[in-house]
Amino acid sequence: MCIKAAMTRSLPNIPQGLRVGLLGGSFDPPHQGHVAITKAALQRFDLDQLWWLVSPGNPLKGHAPAKMARRIKAAQEIMQHPKVRISAAELQLGTRYTAETLAALIRRYPQVRFTWLMGADNLAHFHRWKDWRHIMETVPVGVIARPGDRIAARLSPAAKIYRSSMLRGGQSRLLSGAAAPRWCFINLPMVDESSSRIRSAGEWRVAE
């Protein structure tokens, strides 16, 4: 799919009952850690598709991301998989926050089973997200551990409040078919990479 199409085309038609994982973020830049999370999530959470929701900007981050077209292009180059779609849904829907995006997608696709995906680092401060409890109560949430983030994530306010709704790692394939609130934390050997490290090393902005 070309960059312009990814940013401007209407959202796709999806068969009823499909299990779709949503991995949101600025992807500034996308890296092999995102790829590893994606491939693991497809298998461990029994997903039919997974969408990268490339955000116009993250309200919790102080810096402005690289241009949308550049991030879409980089995402398409690094993540090539028949079950993965690179999407600018937030730009197309006019939403800014995850809860708004989920509400808009559920209205558009009432028969699709969405699962929200995040790294364990995001779970650690998930309670700062706008309407975060509504997210937990609306769709199942898959949390994928990155190196060094496991303890903080497991001790986070969100993890403590929804402890009784947690599936064990061995039950992860049940998550995408479960009714919210339900979440699952999985530990994986992963690429220890981050967008912030790539930016600080000058490996991304220099080509802006």
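Scroll up to find the structure this text is about.
Residues numbered from 1 in each chain as written. Predicted model: local features only at pLDDT ≥ 70, side-chain atom pairs only at ≥ 80, totals over all residues. Heavy atoms only, no water.

S.K.: Give a detailed account of the overall build of the chain, specifying residues and quantitative values.
M.R.: On a plain count of helices and strands, the chain comes out with 10 helices and seven strands. Partitioning the contacts of the chain with sequence separation of at least 6, the portion at a separation of at least 24 is 78%. As displayed, the chain has an accessible area near 9900 Å², and 50% of this comes from carbon and sulfur atoms. (Helix = DSSP H or I, 4+ residues; strand = E, 2+ residues; numbered from the N terminus. Contact = heavy atoms within 4.5 Å. Areas by Shrake-Rupley, 256 points an atom, 1.4 Å probe, with all protein chains shown as cover.)

S.K.: Can you tell me about the pairing of strand E5 (residues 141–144), naming the residues and giving the values?
M.R.: The alternating pattern of E5 places Val-141 and Val-143 and Gly-142 and Ile-144 on opposite faces, both of which are buried. Strand direction decides the pairing type here: strand E4 (residues 113–119) and E5, joined by four bridges, are parallel. Note on E5: the bridge partner recorded for Trp-116 is Val-141. Note that E5 and strand E7 (residues 183–186) share four bridges and pair parallel. Its bridge partner lying in E7, Ile-144 is registered against Ile-186. (Buried < 20%, exposed > 50% of the residue type's maximum accessible area, 1.4 Å probe, protein only. Pairing = 2+ DSSP bridges.)

S.K.: So what's going on with the pairing of strand E1 (residues 19–25)? Residues and values would help.
M.R.: As defined by bridge partners, E1 adjoins E4 across five bridges and the pair is classed as parallel. Paired with Val-20 across the bridge in E4 is Phe-114. Taken together, the six bridges between E1 and strand E2 (residues 49–54) define a ladder with parallel strand orientation. Bridge pairing links Gly-25 to Val-54 in E2. A crossover connection joins E1 to the parallel E2 through helix H2 (residues 32–44); in handedness this β-α-β unit is right-handed. (Right-handed = clockwise from strand over helix to strand, strands pointing away.)

S.K.: An account of the pattern of salt bridges is needed here, citing residue identities and associated values.
M.R.: For the structure on display, the rule yields two salt bridges. With a closest N to O distance of 3.0 Å, Arg-173 and Asp-46 form a salt bridge. Taken together, the positions of Arg-173 in the loop between strand E6 (166–167) and E7 and Asp-46 in the loop between H2 and E2 put the pair 127 residues apart, joining distant regions of the chain. (Salt bridge = Lys/Arg side-chain N within 4 Å of Asp/Glu carboxyl O.)

S.K.: Before we move on, can you summarise unusual backbone geometry with the specific residues and values?
M.R.: Omega for the bond connecting Asp-28 with Pro-29 falls within 30 degrees of zero, at 0 degrees, which places this linkage in the cis form. When you line up the elements, Pro-29 lands in the loop between E1 and H2. The omega angle of the peptide bond from Ala-180 to Pro-181 is 0 degrees, so this bond is cis rather than trans. By the secondary structure assignment, Pro-181 is in the loop between E6 and E7. In this structure, Phe-27 takes a positive phi of about 50 degrees despite not being glycine. Summarising the element assignment, Phe-27 is placed in the loop between E1 and H2.

S.K.: Go over the nonpolar core, please, and point to the residues and values.
M.R.: Core analysis: the biggest nonpolar cluster contains 33 residues, and Leu-22, Trp-116, Leu-123, Phe-126 and Trp-183 have the highest contact counts within it. Non-local contacts of Leu-22, meaning those with residues more than four positions away in its chain, are made with Trp-51, Leu-53, Leu-102, Leu-105, Phe-114, Thr-115, Trp-116 and Leu-117. Among the nonpolar cores identified, the runner-up in size contains 26 residues, and Ala-41, Ile-72, Val-84 and Leu-188 belong to it. (Core = buried A, V, L, I, M, F, W, Y, C linked by side-chain atoms within 4.5 Å.)

S.K.: An account of the environment of Thr-95 is needed here, citing residue identities and associated values.
M.R.: Tracing the backbone through its elements, the reader meets Thr-95 in the loop between helix H4 (89–93) and helix H5 (98–108). By relative accessible area, Thr-95 is classed as buried at 13%. C-alpha of Thr-95 to C-alpha of Ser-55: the two residues are 40 residues apart in sequence and 9.4 Å apart in space. Among residues more than four places away in sequence, those in contact with Thr-95 are Glu-90, Glu-100, Thr-101 and Ala-104. Side chain to side chain, Thr-95 and Thr-101 meet in a polar contact 2.7 Å long. (Polar contact = N/O pair within 3.5 Å; in protein donor to acceptor, adjacent residues only side chain to side chain.)

S.K.: How would you summarise the side chain of Ser-176 if you had to cite specific residues and measurements?
M.R.: Within the secondary structure, Ser-176 is located in the loop between E6 and E7. Ser-176 sits in the buried class, given a relative accessible area of 1%. There is a polar contact of 3.2 Å between the side chain of Ser-176 and the side chain of Arg-19. Polar side-chain contacts of Ser-176 include one of 3.3 Å to the backbone oxygen of Asp-46. Filtering out sequence-adjacent residues up to four positions away, Ser-176 remains in contact with Arg-19, Phe-45, Asp-46, Leu-47, Arg-113 and Thr-115.

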